[in-house]
Amino acid sequence: MGEAMNTGLLATIVVFVLAVIFGLVLWADARKTAETGKDTGVTARPTTSPSQAAVKTQPDSWQKSAERFRRSDD
């Protein structure tokens, strides 16, 4: 039982160390991006939605299914 507890404790410590390393890498990347982003003056462009002509309506299959269920319930 003691050996299993030591293995679990070691696994927990390894997971926390990896999480800290991953967090430090993300923090450094965000810091680097923030420093370089100010100098470039890059702005995000909003995405455009598709026009109404490009959107195809599809039949509501759940409504058809509900009607079949009602008919079979009677």
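Just so you know, these numbers come straight off a predicted model, no measurement behind them.

S.K.: Is there a simple way to explain the overall build of the chain in this structure?
M.R.: Along its length, the chain carries 2 helices and 0 strands. Carbon and sulfur atoms make up 63% of the accessible area of the chain, which totals about 7,500 Å².

S.K.: What is the right way to read the pattern of salt bridges from this model?
M.R.: Pairs can form between side chains of opposite charge once their charged atoms are near each other. The full count for this structure, using the stated rule, is 1 salt bridge. Ionic pairing is found between Arg 31 and Glu 35, a salt bridge with its closest N-O pair at 3.8 Å. Of the two residues, Arg 31 and Glu 35 are both situated in helix H1 (residues 2-40); the distance of 4 residues between them amounts to about one turn of the helix.

S.K.: What should I look at first to understand a nonpolar patch on the surface in this one?
M.R.: A cluster of nonpolar side chains, Leu 9, Leu 10, Ile 13, Val 14, Val 17, Leu 18, Ile 21 and Val 25, forms an exposed patch at the surface whose accessible area comes to about 740 Å². The residue Ile 21 is located in helix H1 in this model. In this structure Ile 21 comes out as partly exposed when scored by relative accessible area, which is 47%.

What counts as what
Residues numbered from 1 in each chain as written. Predicted model: local features only at pLDDT ≥ 70, side-chain atom pairs only at ≥ 80, totals over all residues. Heavy atoms only, no water. Helix = DSSP H or I, 4+ residues; strand = E, 2+ residues; numbered from the N terminus. Areas by Shrake-Rupley, 256 points an atom, 1.4 Å probe, with all protein chains shown as cover. Salt bridge = Lys/Arg side-chain N within 4 Å of Asp/Glu carboxyl O. Patch = residues over 30% accessible without salt bridge, like charges linked within 9 Å, V, L, I, M, F, W, Y side chains within 5 Å. Buried < 20%, exposed > 50% of the residue type's maximum accessible area, 1.4 Å probe, protein only.

It is worth stressing that arrangement in space is one thing and function is another; only the former is reported here.
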